[in-house]
Amino acid sequence: MKLLTVFLFLCAMMALTPSAAYPIDMLSPIPVSLPPISEPGFFFSCPDGWTMSSTQCLLYVPTNMTWAEAEENCRHNSQYQDGTLASVYDSSISHEIHDVLKSAGNEHGKVWVGGFNTAQDPSWYWSDYMGYNQFHDFCSEKHEHHCLQITFEEQESGCLDDMDCDAKLPSICAIILMKASYKVCIISTMKLLTVSVLVCSMMALAGAAALQEAEKEHEAVAKIQEEEHRVDKRSTSCPSHWTEYNGRCFLYVPRTLTWAQAEKNCQSKGAHLASIHGTREYNEIKRIISDRTHSSPQTWIGGSDSQGEHVWLWSDGTPFAFSYWCRGEPNNYFNQDCIQMNYGDDNCWDDVWCDAHRPSVCAKKI
């Protein structure tokens, strides 16, 4: 809203300022292309084939897959790449999932949902990482496996049960409406700013006949632009001791923890262990560590394949599309499932046992 206010004020100044006060190229038409009407607006709807429930969009996937394959499929099957296996916080969500299964003819079946834990951390988590630790009823208090499915074989409301992550089941994908709506709002705001720029350009041309006080008005525009820069800089700054890079804030944590403990620590700060999406970003994280330690210690980042061998996932739910493995890695030596960076002479990635103790890097969006 502050940015829009600055734009409106800027438009008013430009409309009143004579054309002589601006360089010719500033008054030239600004090349903009308005988005097609078919693109999503502020009112979010589920993608085609998905079912809208009270808090999320749901999709039944009848193909039998392992838990990790099903989770990866959900992420690639959603319009905004925020899809995950469904979280079942309470009985109302369980009933909504059951309705979707009934429609698909699988009323009494079992399907993968997003719950998981690890051998190092027996606490259950949801793969959407929304921070909720609520779980619908478990079928049993005894848990031997690391992935959750929901079954409607015994009771209408269903219950959660652990199962071998390599078992193959159908699955339920979900998109949290709040997360999707947030992204749609960002898209719509950027479109509105684009239109504002076009309007400002037209108003500047319309005000070309105004000939008085050009110099004074031009100074006012410069002050507004300076204020806009100041407001924008303040709104995108990271907390103290965090480093901003490419729209995220990064924090090096020198305390040595297991991978699961490090992830929990990052979550307590509103973040996750860092995901890495390119060489420049990786070099920046290495620089952050080096500035803090004057060395290159082996450090936890957010990748693991503990839910399915050779299916690497980031703990923040973003796509695992970039890697920087050392030669011969990952080798899964005696079930190594978590990623450490700064390994070896090349400071590359290595899979290692998740209960090893390492410093870590947290990351969160601005």
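Look up: the structure comes first, before these words.
In short, a report on the structure. This one's a predicted model, so the numbers in the text were calculated from it and none came from an experiment.

### Section: helix α3 (residues 67-76)
Within α3, seven of the 10 residues are buried, which leaves the element mostly enclosed by the surrounding structure. Considered for burial, the residues of α3 that qualify are W67, A68, A70, E71, E72, C74 and R75. Structurally, α3 contributes buried residues whose contacts are with β2 (56-65), β3 (84-85), β4 (110-116), β6 (147-151), β8 (169-176) and β13 (313-314).

### Side note on the pattern of salt bridges
Throughout the structure, instances matching the rule amount to five salt bridges. Across the salt bridge formed by R248 and E281, the nearest N and O atoms sit 3.0 Å from each other. Residue R248 is located in strand β10 (residues 248-257), and its partner E281 is located in helix α8 (residues 279-293); the two are separated by 33 residues in the primary sequence. Each member of the pair, R248 as well as E281, carries the same accessibility label: buried. For the salt bridge of D291 with R287, the shortest nitrogen-to-oxygen distance reads 2.4 Å.

### What about the environment of W67?
Mapped onto the fold, W67 is located in helix α3. Classification of W67 by relative accessible area gives buried; the value is 1%. For W67 and V111, which are 44 residues apart along the polypeptide, the C-alpha to C-alpha distance reads 9.7 Å. A polar side-chain atom of W67 sits 2.9 Å from the main-chain carbonyl oxygen of V113.

### A few points about the packing of aromatic side chains
A complete count under the given rule lists 15 aromatic pairs for this structure. A ring pair is formed by Y282 and Y324, whose centres lie 5.1 Å apart and whose planes are at 50°; its orientation type is tilted. Of this pair, Y282 sits in helix α8 while Y324 is found in the loop between β13 and β14 (338-343), placing the two residues 42 residues apart along the sequence. Note on Y282: relative accessible area 0%, which makes it buried. A residue is classified by how much of its surface remains accessible, and Y324, at 31% relative accessible area, is partly exposed. Taking 5.8 Å as the distance between ring centres and 85° as the angle between the ring planes, the aromatic pair formed by W314 and W349 counts as edge-to-face. Of this pair, W314 sits in strand β13 while W349 sits in strand β15 (residues 348-352), and the two are 35 residues apart along the sequence.

### Quick look at helix α7 (residues 259-268)
W259, A260, A262, E263 and C266 are the residues of α7 that are buried. Down the axis, α7 shows its buried residues gathered within 160° of arc, on one side only. Looking at the buried positions of α7, the neighbouring elements they touch are β10, β11 (272-273), β12 (299-304), β14 and β16 (358-365). Of the residues flanking the end of α7, it is G270, one or two places downstream, whose phi is positive at about 75°.

### Overview of a nonpolar patch on the surface
A contiguous nonpolar patch, built from Y333, F334 and W353 and spanning about 380 Å² of accessible area, is present on the exposed surface. By relative accessible area, which is 36% here, W353 ends up partly exposed.

Rules used in this analysis
Residues numbered from 1 in each chain as written. Predicted model: local features only at pLDDT ≥ 70, side-chain atom pairs only at ≥ 80, totals over all residues. Heavy atoms only, no water. Buried < 20%, exposed > 50% of the residue type's maximum accessible area, 1.4 Å probe, protein only. Helix = DSSP H or I, 4+ residues; strand = E, 2+ residues; numbered from the N terminus. Contact = heavy atoms within 4.5 Å. Salt bridge = Lys/Arg side-chain N within 4 Å of Asp/Glu carboxyl O. Polar contact = N/O pair within 3.5 Å; in protein donor to acceptor, adjacent residues only side chain to side chain. Phe/Tyr/Trp six-rings, centres within 6.5 Å; stacked < 30°, edge-to-face > 60°. Arc of directions from axis to C-beta. Patch = residues over 30% accessible without salt bridge, like charges linked within 9 Å, V, L, I, M, F, W, Y side chains within 5 Å. Areas by Shrake-Rupley, 256 points an atom, 1.4 Å probe, with all protein chains shown as cover.

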